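Structural overview for review
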Amino acid sequence: MKIPLSYNIRNLWARRLTTSLTVSGIALVVFVFAAVLMLAQGIQDTMVATGSNDNVIILRKGTSGEMMSAVSRDQIGIISSFAEVAQMNDGKPFASSDVVTIINLRKKKTNDMGNIIVRGVTPSSFALRPQVKITEGRWFQQGSAEIVIGNKIHDQFENVDIGQQIRIGTKLWTVVGVYDAGKTGFASELWADADNIMLEFNRSTTFSSYTFKLKDVQDYEVIKTKLETEQRLQDLDVKREQDFYLEQSKGMATFIKALGLVITIIFSFGAMIGAMITMYAAVANRTVEIGTLRALGFQRNSILTAFLLEALALSMIGGILGLILASFMQFVSFSTTNFGTFSELAFGFSLSIRIVISTLFFSLMMGVIGGFLPAVRASRMNIINALRAS
Amino acid sequence: MSTLVEVKSVTKVYKRDTLEIPVLQNISLDVPEGEFLALMGPSGSGKTTLLNLISGIDQPTSGSILVAGTDIAKLNESALAKWRSRNIGFVFQFYNLLPVLTAYENVELPLLLTNLSKKEKKERVEAVLSVVGLADRMDHSPRQLSGGQQQRVAIARAVVTDPTLLIGDEPTGDLDRKSAEEILTLLGRLNSEFKKTIIMVTHDPHAAGSAHKIQHLDKGELTSQ
Amino acid sequence: MNVLKLVYKNLLRHKLRSLLTILGIAVAVLAFGLLRTVVTAWSYGVEASSADRLITRHAVSFIFPLPYSYKSQIEAVPGVTTVSYANWFQGIYKDQSFENFFPRIAVDPETIFKVYSEYSVPDDQLAAFKKQRNACIVGRKLAEQHGFKIGDIINVRGDIYPGDWEFVVAGIYVGNDKSADETQMFFQWDYLNERSRQVAAWATDHVGWYIIRIANMNDAPAVSEAIDAIYLNSAAKTKTETEKAFQQSFVSLSGAIITSLELVSYVIIGIILMVLANTIIMSARERIREYAVLKTLGFTSFHVVGLIAGESLFISMLGGTAGILLAFPVCEGFGAQFPTMFPVFKMAGSTIAMAAAFSILVGVIAAVFPAYRSAKMQIVDGLRQIG
């Protein structure tokens, strides 16, 4: 015979204050747990979105980022002549030669300096990266000292509004537009004309990287082998664009996940103790009630189940509250230095079904562990003694 | 004998949300010094309320209560607390001993509010515990004592400060006949030997029988008998 | 007996509950201490840096090198006593795991230990370091961690400077005080420069940053300005600042992470509060009748508040003390896991003070509501309560 669930719910309601304190404690823990997972997921999402699976990036061998890389114009010419490189309608290669440098800008809130990537791009870059769309102002004109800025930089840094000027190298560049790059890392960059940037930094023949689209995704291994065996490209590395960006953020994602998990494990211990205290008190206060239920013919197992269910309800409510709280974090943008590139990277907290499930599972586990011992105590009570207690 | 307690036209109305429940209506009562008075009446008659008003743990809606010349209806909360600690010894139906303290410590409790020295406290506690016949049980915790013994500890706690007035709210209500008898004998001794003025609420005619005087309350009014 | 004894006895009434609460608080305070220590360890470099050293780097970022030719020009600036220089080599030792990460820096053997006077190297080892082209000197902690001994060869795969690099341990440096970083590896800048001609031409004859010792630390702002003024109109502008400010700019790079760690440490306080408030509210509710009895005996609301607050404070302080004591070994163990990431991982005095202060504060706050309720309670209502 089972004790109806409404019995548990009413008991939780009857002890509203204690219940709400315990639930709040669990909710806080769940919130931190979910937020950490969401942050790690957010970095990954950003990086996956930045790179595309059918794009290939060419960098100088041994460099971990674009900053230290060098790919010459001649080498780019050789690469673009391979048949596996996709072509645009006008017959030009579906590719972008980028030159990358960094500058300092001041953050709005903290007044700290942040390192921002400046990417010099060629006209075909826009076709290759359709996620990037101008939302305010216009694109820069080729050959002029004009610059457009990513929306995340626009949100978080000072003096980057349209019409304002930014010093890059020896020249002042005028901001003429703001672009939206969705979730990608490009949103944390400034874009300008590649030739102009190269001129400024005296690197007229070398780009930082060369990215091209594959005619067919299956061709990756083929072109990789071809490029690696070509005599004049011996100092270059070939990578899938997505892998490249994932590598760049791996360190940070691992760090956030590891630190976050250590914190939540310690936290959950506290929340479990909270649940245990509440459930022990619930058992102690309802000794007579338990005796009565047993006298009415309910089995020990029913009592055990009833109290466990109560603990589960407690942790479930806390878990759902924590999740709701955490889901608001999706509106928050997190910006920090990615030590993989030594430059600013903005990313969001992203909630996935996987995170929802693991968070709810996590909170239920707290309920089970916190509620088990008290439930056992309740079920082991001697009827006579329980009834006599007052 | 001079009058110790003067209750003058006291009315008590309880407010529960918007509902007003009159409990006592225009009650007047004099208790002379050295009296042993039993208040009787059916449940809901207001006898416990009257007792609470006299002992200063509740305040009347109107009227005045003079105890040894002090109008306690006019005292504020902290003055009233101080007054209680000096003038009132209270014995409850369910003894209300602190379960974490020993019999000795329970009796000592009200003395914490006095300036007595450690030695004086010890003498007083031991003295009253021997009056109630529990000198050999002073290190026991309430749980190790029977109901009658617990009530004797409670009485010791009530008289240890040598109060002006001893108040009992159904002091025998939760006891078996034999223990009740012991408690009543003890109260009688306190009244005759130690000249304590006692007001006791009870619904047990036998218990009321040990008092010198019985007052009946019904529906919030005194009925003389 | 006094009122304190009653507090103590009440605490023992629900031993399990009190114990669990103390345990919960201890764990949370422990987590608080650990998190705070991570935050302080992060910015430890700022504390350890000297105020009479200046760092000159590329104005935009230290990842851009400066010409070697700046050295003699900086030396000529009045107030400058010694100029040393270094390059961040990076590279990969064994693999990219945390355990195998340690700073690998190309330095000028003649001047490096003059500007870094907090490191000591035996004279014969320093001489050996200067003599051999591919020699290196490692910190004591680093040597202990990886078992490096003099004469050992350390193989590093270059990334910024491609190729396979072999370094011979010529000496081990020791810090003169506890805050010195003993986890770095130094090798000859000349060796790096020579090989970079083939593998990293862009970096040849360039240095990552200059380390400058000045005669009088009060001159730091003037000397910094004088140096930067020289290169105001050159392609590679410089930024000169005290070592402290330089370290600070590193720390602020990860400002958002530090801020969120700090935020989380305050969430912990919230969780402690929930656990403790729960216990105190439950206890106070169960004892409402006892409080009414105490009031009948003449105890005032003040006494009752004292009883509740006393119990709350007692629990929170016990838990806080246990947590702080536990945090010492845990911090030590945690720091030992990441010896190169956190060269110094020690709980700061301010962390201990904060943990203690928060324990007390939480003890007070947790008691506010139940104490208020018990103080306001009418005796008559309290007595009616079935315990």
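Residues numbered from 1 in each chain as written. Chains lettered and ligands numbered in written order. Predicted model: local features only at pLDDT ≥ 70, side-chain atom pairs only at ≥ 80, totals over all residues.

Let's talk about the interface of chain C and chain A
Let me state the cut-off plainly: Two residues form a contact once the distance between their C-beta atoms, set from the backbone, is within 7 Å. Where helices and strands are cited, they refer to DSSP runs of H or I of at least four residues and of E of at least two residues respectively, numbered from the N terminus. Amino acids are sorted into nonpolar (Ala, Val, Leu, Ile, Met, Phe, Trp, Tyr, Cys and Pro), charged (Asp, Glu, Lys and Arg) and polar (every other residue, Gly among them).
With 35 residues of chain C at the contact, the number on the chain A side is 40 residues. Elements supplying a minimum of two residues to the side of chain C that touches chain A: α2 (15-42), α10 (243-253) and α11 (255-286) of chain C. By residue number, the principal contributor to the side of chain C that touches chain A is α11(C), which donates 14 residues. Residues that form the side of chain C that touches chain A fall into these classes: 22 nonpolar, 11 polar and 2 charged.

Things to note about the interface of chain C and chain B
Contacts between the two partners involve 17 residues from chain C and, on the opposite side, 19 residues from chain B. Elements that contribute at least two residues to the side of chain C that touches chain B include exactly α1 (3-11), α12 (288-296) and α15 (379-384) of chain C. Here the side of chain C that touches chain B takes 5 residues from α12(C), the largest share from any one element.

Digging into unusual backbone geometry
All names here are of chain C. The cut-off we apply is this: Around each residue's C-beta, the other C-beta atoms within 10 Å are counted; 20 or more make the residue buried, 12 or fewer make it exposed, and counts in between make it partly exposed. All C-beta atoms are placed from the backbone.
Backbone geometry at Gln90 places phi at a positive 65°, although glycine is not the residue there. Positive phi outside glycine occurs at Lys94, with the angle close to 65°. Mapped onto the fold, Lys94 is located in the loop between β3 (80-88) and β4 (104-107). According to the C-beta neighbour criterion, Lys94 is partly exposed, with 13 such atoms within 10 Å.

A short note on the nonpolar core
Stated formally: We call a set of buried Ala, Val, Leu, Ile, Met, Phe, Trp, Tyr and Cys residues a nonpolar core when their C-beta atoms link them within 7 Å.
Core analysis: the largest hydrophobic core is formed by 296 residues, its most contacted members being A:Val32, C:Cys136 and C:Ile271. For this core, the element with the highest residue contribution is helix α2 (residues 16-50) of chain A, accounting for 19 residues.

Topic: the sheet that holds strand β8 (residues 197-201) of chain B
Residues and elements named next belong to chain B. Put simply, the test is: In short, DSSP must find at least two bridges between two strands for them to pair. Throughout, an axis means a line fitted to C-alpha atoms (over the contacting stretch in the case of helices), and angles, computed between N-to-C directions, take values from 0 to 180 degrees.
Taken in spatial order, the 6 strands line up as β6-β7-β8-β3-β9-β10 in an open sheet, and their pairing is mixed. Of all the strands in the sheet, the pair left with one neighbour each is β6 (88-91) and β10 (221-223). Each adjacent strand pair in this sheet contributes to an overall mean axis angle of 25°, direction not counted. The pairing of strand β7 (residues 165-169) with β8 spans 5 bridges and is parallel. By the bridge assignment for β8, Leu166 is matched with Ile198. Across the face of the sheet, helix α1 (residues 47-54) comes into contact with β3 (36-40), β7, β8 and β9 (213-218) while running at roughly 150° to β8.

Considering the sheet that holds strand β2 (residues 19-32) of chain B
Residue and element names in this part refer to chain B. Pairing is antiparallel in the open sheet, where 4 strands are placed in the order β2-β1-β4-β5. What marks the edges here is a single partner per strand, and that holds for β2 and β5 (70-71). Note: strand β4 (residues 62-67) against β5, 2 bridges, orientation antiparallel. Across the sheet, Leu66 pairs through a bridge with Asp71, a residue of β5. Packing of α1 onto the sheet brings it into contact with β1 (3-16), β2 and β4, and relative to β1 it is tilted by some 120°.

Some points on the environment of C:Leu273
Residues and elements named next belong to chain C. Mapped onto the elements of the fold, Leu273 is located in helix α11. Residue class for Leu273 comes out buried when judged on the 23 C-beta atoms lying within 10 Å of it. The spatial distance from the C-alpha of Leu273 to the C-alpha of Leu34 is 18 Å, given a sequence separation of 239 residues. Filtering out sequence-adjacent residues up to four positions away, Leu273 remains in contact with Val362, Ile365 and Ala366.

Observations concerning the domain arrangement of chain C
All names here are of chain C. Keep this limit in mind: Each domain's extent was defined by an automatic or database domain assignment.
Under the domain assignment, chain C is made up of domain 1 (3-44 + 255-384) and domain 2 (60-236). For domain 1 and domain 2, the distance between their C-alpha centroids amounts to 48 Å. Each partner contributes to the interface: domain 1 provides 6 residues, whereas domain 2 provides 10 residues.

Thoughts on the environment of B:Gln59
Assignment of secondary structure puts B:Gln59 in the loop between α1 and β4. In this structure the C-alpha to C-alpha distance between B:Gln59 and B:Gln144, which are 85 residues apart in sequence, comes to 36 Å.

Digging into the packing of helix α8 (residues 241-285) of chain A against helix α10 (residues 300-327) of chain A
All names here are of chain A. This is how it is decided: In these notes the angle categories are as follows: under 35 degrees is roughly parallel, over 145 is roughly antiparallel, 65 to 115 is roughly perpendicular, and the rest is oblique. In a left-handed crossing the near helix is turned counterclockwise from the far helix by less than a right angle, and in a right-handed crossing that turn is clockwise.
Taken N-terminus to C-terminus, the directions of α8 and α10 make an angle of 140°; their axes are 11 Å apart at the nearest point. Considered as vectors, α8 and α10 are oriented oblique to each other. Between α8 and α10 the crossing geometry is right-handed. Contacts from Ala275, Thr278, Met279, Ala282 and Val283 in α8 reach Phe307, Glu310, Ala311, Leu314 and Ser315 in α10. In terms of residue class, the contact of α8 with α10 is built from 7 nonpolar, 2 polar and 1 charged.

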